[in-house]
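# Summary of structural features
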Amino acid sequence: ARHPLDSWFWALFIATSWLVVLIGFAPPVEARFTGKADYPAPPILVLHVFVYTGWMVLLTTQAALVAARRVDWHRQLGLLGAGLAVLVPITGMASEVVSQRFYAVTDPENVRFFIIPVMMAAGFALFAALAVVGRRDSGFHKRAIYLATAFIVTGPYARTWGGTLEALVGGGPVGSAAHWLSGLNLMLAGLVGYDLATRGQLHPLVKRALIGIIPLQFAVIWIWYSDWWPPIARAVLGIAA
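This write-up is about the structure you can find in this document. Only a predicted model underlies this, so the values are computations on that prediction, with no experimental measurement involved. (Residues numbered from 1 in each chain as written. Predicted model: local features only at pLDDT ≥ 70, side-chain atom pairs only at ≥ 80, totals over all residues. Heavy atoms only, no water.)

### Section: the environment of Pro28
- Checked against the element boundaries, Pro28 lands in helix H1 (residues 6-33).
- C-alpha of Pro28 to C-alpha of Arg159: the two residues are 131 residues apart in sequence and 9.9 Å apart in space. (Helix = DSSP H or I, 4+ residues; strand = E, 2+ residues; numbered from the N terminus.)

### Describing the packing of aromatic side chains
- Applying the stated criterion to the full structure yields 19 aromatic pairs.
- With 5.1 Å between their ring centres and 85° between their planes, Phe102 and Tyr103 make a pair best called edge-to-face.
- By relative accessible area, Phe102 is classed as partly exposed at 34%.
- Three or more aromatic residues link up through ring pairs in this structure, and these residues are Phe9, Trp10, Phe13, Tyr146 and Tyr194.
- Seen from the ring of Tyr39, Arg32 lies directly overhead, with NZ or CZ sitting 4.9 Å from the centre.
- Over the aromatic face of Trp73 sits the side chain of Arg70, whose NZ or CZ is 4.1 Å from the ring centroid. (Phe/Tyr/Trp six-rings, centres within 6.5 Å; stacked < 30°, edge-to-face > 60°. Buried < 20%, exposed > 50% of the residue type's maximum accessible area, 1.4 Å probe, protein only. Lys NZ or Arg CZ within 6 Å of the ring centre and 35° of its normal.)

### Observations concerning the nonpolar core
- Among the nonpolar cores identified, the biggest contains 59 residues, and Trp10, Trp55, Ile116, Phe124, Phe127, Leu147 and Ile213 are the most heavily contacted of them.
- Every element with two or more residues in this core is listed here: H1, helix H2 (43-67), helix H3 (71-103), helix H4 (115-133), helix H5 (138-169), helix H6 (172-199), helix H7 (204-224) and helix H8 (229-237).
- It is H5 that contributes the most residues to this core, 11 residues altogether.
- Setting aside its immediate chain neighbours within four residues, Trp10 contacts Leu59, Lys142, Ile145 and Tyr146. (Core = buried A, V, L, I, M, F, W, Y, C linked by side-chain atoms within 4.5 Å. Contact = heavy atoms within 4.5 Å.)

### Focus: unusual backbone geometry
- Its identity is not glycine, yet Arg69 carries a phi of approximately 65°, on the positive side.
- Residue position: Arg69 is located in the loop between H2 and H3.
- Arg69 sits in the exposed class, given a relative accessible area of 57%.

### What to know about H4
- With 19 residues, H4 extends 27 Å from end C-alpha to end C-alpha; this agrees with the ideal 27 Å at 1.5 Å per step.
- Those residues of H4 that sit buried are Ile115, Ile116, Pro117, Met119, Met120, Ala121, Gly123, Phe124, Phe127, Ala128 and Ala131. (Expected span 1.5 Å × (residues − 1).)

### Here we look at H8
- Residues of H8 that are buried include every one of Trp229, Pro230, Ala233, Arg234 and Leu237, and no others. The buried residues of H8 occupy an angular sector of 130° when projected down its axis, which confines them to one face. Facing away from the buried side of H8, by more than 90 degrees, are the exposed residues Ala235 and Val236.
- The inward-facing, buried residues of H8 abut H3, H4 and H7.
- The first or second residue beyond H8 is Gly238, which carries a positive phi of 75°. (Arc of directions from axis to C-beta.)

What follows is the structure, given as structure tokens:
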């Protein structure tokens, strides 16, 4: 059942996400427009920017339609969301391949970071697919959309405060986890708090998500610092050893 705080929660989540996206991506966008970027933006990167922004705009619009009780329009517009959900991880991964190939020339160890965008793309794809499959169950659907969005907003969070957190806790696995995963954990905590405050219990999807995502984060950091990962990443990226 819908709770009176639902609209406020979604408004806070979306507003916070927009703020973090704007702050996190402001420096690279400024560098692009001022000619100070590390490399020229390929068409796939430009497309990814439009697709990513389109998802955020769609998310905002869909939440507003539900708040306005226009569920009929919400469902019709959801068809567009399914198309964007396919393009978000594809364009994101393609853009990361270009980035990794560029930085590998001067920093061969940078390929270790590739596991992070792989995690983001896979997490988004999984929960976006679940949102489409379970779209007739509003409680399931909106939580799946939240989790999918959380995975792709993790990057902007890392750009906003990740470097500061890593400096505070030091380098190594703990620093990398603080840098790149703190935003995701903050959003997970927000979803857990929302469920407990409005329903008194966790939704089954949230329970299963926590069981999967928390161990996943440990696995991602372990892969990052493993010796076998860089050769695999280079092979996948088409980068010479």
